[in-house]
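# Fold and geometry: a report
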Amino acid sequence: MTEQQPYQIVKQYEDFELRRYPAHLVAEVTIDGPFEDAGNRAFRYLFAYITGANQSLRKVAMTAPVLQTDAAEKIAMTAPVLQQSVKDVSGAAAGEQFRVAFVLPKAMTAETAPQPTDPTVHLRTVPASLAGALRFSGRWTQTRYEQHLEELHAALGAAGLTALGAPRFARFDPPFKPWFLRRNEVLLDVEEPG
């Protein structure tokens, strides 16, 4: 897996980095189920796409990170929404939905990327953004994600930055890597400083 660093570090803070991300293309799927299972369940669809399950039968380099965000509302991956359960009309929990995405190589655009043959996989251009990123290691659990998301919110507030959108969870390592060596990040878009 090749790590792609399509961002520029704007400023390094004690607890997080402020990064500028250019517009980029992702292949994504929406998965029903718990936070901890979403990435693993989405992986097979996305891996099939990059290994040739596309109209061109073309292989695409696998890059890191794999991104996960709440899919409860139809919004851009870089817009704000906190993770929440989707409710049915009766108000009962219908389960959670998450978008899981592979960032495609930066040379690819919506016009040049091979089109998926599986209707579960969608290509989407994510607009440019300014984001706070907090790095952490360890297991891919919702509890750890939420703990670090709270830390990032607090750090952004202390730095005088305003969070704009839905948080994103980024995983950089394969599931077989020992949990204590895994690199993870929580990301939040922020308002441009005035």
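This text goes with the structure placed above it.
I will try to describe carefully the structure that is included in this document. (Residues numbered from 1 in each chain as written. Predicted model: local features only at pLDDT ≥ 70, side-chain atom pairs only at ≥ 80, totals over all residues. Heavy atoms only, no water.)

## Looking at the sheet that holds strand 3 (residues 17–21)
Strand pairing in a sheet relies on backbone hydrogen bonds, with the paired strands running either antiparallel or parallel. Read across the open sheet, the nine strands follow the order 2-3-9-11-10-6-7-4-8; overall the sheet is antiparallel. Looking at the sheet topology across the chains shown, the edges are occupied by strand 2 (8–12) and strand 8 (122–126). Neighbour-to-neighbour, the strand axes of this sheet turn through a mean angle of 30°, independent of strand direction. Pairing geometry for strand 4 (residues 24–32) and strand 7 (residues 97–103), over seven bridges, is antiparallel. Bridging across to strand 7, T30 finds its partner in R99. In the packing of helix 2 (residues 142–158) onto the sheet, contacts are made with strand 9 (129–137), strand 10 (168–171) and strand 11 (183–189), and the angle to strand 9 comes to roughly 130°. (Pairing = 2+ DSSP bridges. Helix = DSSP H or I, 4+ residues; strand = E, 2+ residues; numbered from the N terminus. Axes fitted to C-alpha atoms, helices over the stretch in contact; angles between N-to-C directions. Contact = heavy atoms within 4.5 Å.)

## Digging into unusual backbone geometry
With omega at 10°, the peptide bond leading from A64 into P65 counts as cis. Structurally, the position occupied by P65 is in the loop between strand 5 (63–64) and strand 6 (66–70). Phi is positive for L57, which is not a glycine, with a value near 55°. When you line up the elements, L57 lands in the loop between helix 1 (35–50) and strand 5.

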